[in-house]
Each structure stands twice: as structure tokens, then as C-alpha cells.
Amino acid sequence: MFVSVVLDPGGLDSSRALATLLSQYGFVRIQRACWENTAVSEKRLHTLKKEIDRITDYYDRVRMYQYPVNGLPAITELNKKKWSRCILRPQADS
């Protein structure tokens, strides 16, 4: 699965910890706050999310753009220490 991670850390310590963690998981920095990996398994992504949960605090935000999730693109976001996922489905024509 392709995963792009966009970071909005609440502080410098969180920023460094997230950058270190993502590089350990094989992500490559594409831009200042954007990391990508083209070959992440669902299981490895689940473990990564647990690790991100462990090292972040209430003020950190992390957004993951994933493809494919059940054949569709998805956006998963950590905001205020809660994960949420939005699967992008095509709109049905009226």
C-alpha cells in the first residue's frame, strides 16, 4: 500500500521523534513535513500507528493518505489523540 504521512507536530521534540520513527519504518522525506512509503503492509501500518500514538501528545496532528484501502483511497488522521478514517468513495450519479 502507498502511504503518505503529513506531520503537524506540536513541538520540536515530537517533530524529531516522528521523523526518526518514520525513517525506521522505511519512509522517505519528500518535503519538510511530508513522508512517503510505497510498500507498507496493513499490519506494519497498524504497528506504526500504535508507535505514533505512543510518542505523540494532545497537540500533535498526523494525517495519512493511503491507497488502496479496500480498493479505495483513504485519509486517516490523528487529532487530539484520536484516530479517525475517511474512505473516499466515488459519488453516485443522480
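Nothing here was measured: the structure is a model prediction, and the numbers come from that model.

Go over the overall build of the protein, please, and point to the residues and values.
Counting its secondary structure elements, the protein contains 2 helices and 6 strands. The helix and strand sequence of the protein, counted from the amino end, reads β-α-β-β-α-β-β-β. Taking 94 residues into account, the globule formula puts the C-alpha radius of gyration at 12 Å, and the protein, at 14 Å, falls close to it. On the principal axes, the C-alpha backbone points of the protein span a range of 50 × 25 × 25 Å.

Could you give an account of the packing of helix 1 (residues 12-24) against helix 2 (residues 42-55), with specific residues and numbers?
The interhelical angle for the contact between helix 1 and helix 2, taken along N-to-C directions, is 160 degrees, at an axis separation of 10 Å. Between helix 1 and helix 2, the interaxial angle falls into the category roughly antiparallel. Between helix 1 and helix 2 the crossing geometry is right-handed. Mapping the contact onto sequence places Ser14, Ala17, Leu18, Leu21, Leu22 and Gln24 in helix 1 and Arg44, Leu48, Glu51, Ile52 and Ile55 in helix 2. Grouping the constituent residues of the contact of helix 1 with helix 2 by class yields 7 nonpolar, 2 polar and 2 charged.

Give a detailed account of the nonpolar core, specifying residues and quantitative values.
Grouped together as the largest cluster of nonpolar side chains are 20 residues, with contacts concentrated most on Val3, Val5, Phe27, Leu48 and Ile52. Those elements giving two or more residues to this core turn out to be strand 1 (2-8), helix 1, helix 2, strand 4 (61-69) and strand 5 (72-79).

I'd like a rundown of the pairing of strand 4, residues and numbers included.
Alignment of strand 1 against strand 4, held across 7 bridges, turns out to be antiparallel. Among the inter-strand pairings, Ser4 is bridged to a residue of strand 4, identified as Tyr65. Sheet topology places strand 4 next to strand 5; 7 bridges connect them, and they run antiparallel. When the sheet's bridge partners are listed, Gln66 is paired in strand 5 with Ala74. Connecting strand 4 to the next strand, strand 5, in antiparallel fashion are 2 residues, including Asn70 with a positive phi near 55 degrees.

Go over unusual backbone geometry, please, and point to the residues and values.
Residue Tyr67 is joined to Pro68 through a cis peptide bond whose omega torsion reads -5 degrees. For Pro68, the position within the fold is in strand 4. Its identity as a non-glycine residue notwithstanding, Lys80 has a phi of 55 degrees, on the positive side. With respect to the helices and strands, the residue Lys80 is situated in the loop between strand 5 and strand 6 (82-87). On the basis of relative accessible area, Lys80 is assigned to the partly exposed category, the value being 47%. A positive phi angle, close to 65 degrees, is found at Lys81, a residue other than glycine.

Analysis parameters
Residues numbered from 1 in each chain as written. Predicted model: local features only at pLDDT ≥ 70, side-chain atom pairs only at ≥ 80, totals over all residues. Heavy atoms only, no water. Helix = DSSP H or I, 4+ residues; strand = E, 2+ residues; numbered from the N terminus. Rg over C-alpha atoms; globule rule 2.2 N^0.38 Å. Axes fitted to C-alpha atoms, helices over the stretch in contact; angles between N-to-C directions. Parallel < 35°, antiparallel > 145°, perpendicular 65-115°, else oblique. Left-handed = near helix turned anticlockwise from the far one by under 90°. Contact = heavy atoms within 4.5 Å. Nonpolar A, V, L, I, M, F, W, Y, C, P; charged D, E, K, R; others polar. Core = buried A, V, L, I, M, F, W, Y, C linked by side-chain atoms within 4.5 Å. Buried < 20%, exposed > 50% of the residue type's maximum accessible area, 1.4 Å probe, protein only. Pairing = 2+ DSSP bridges.

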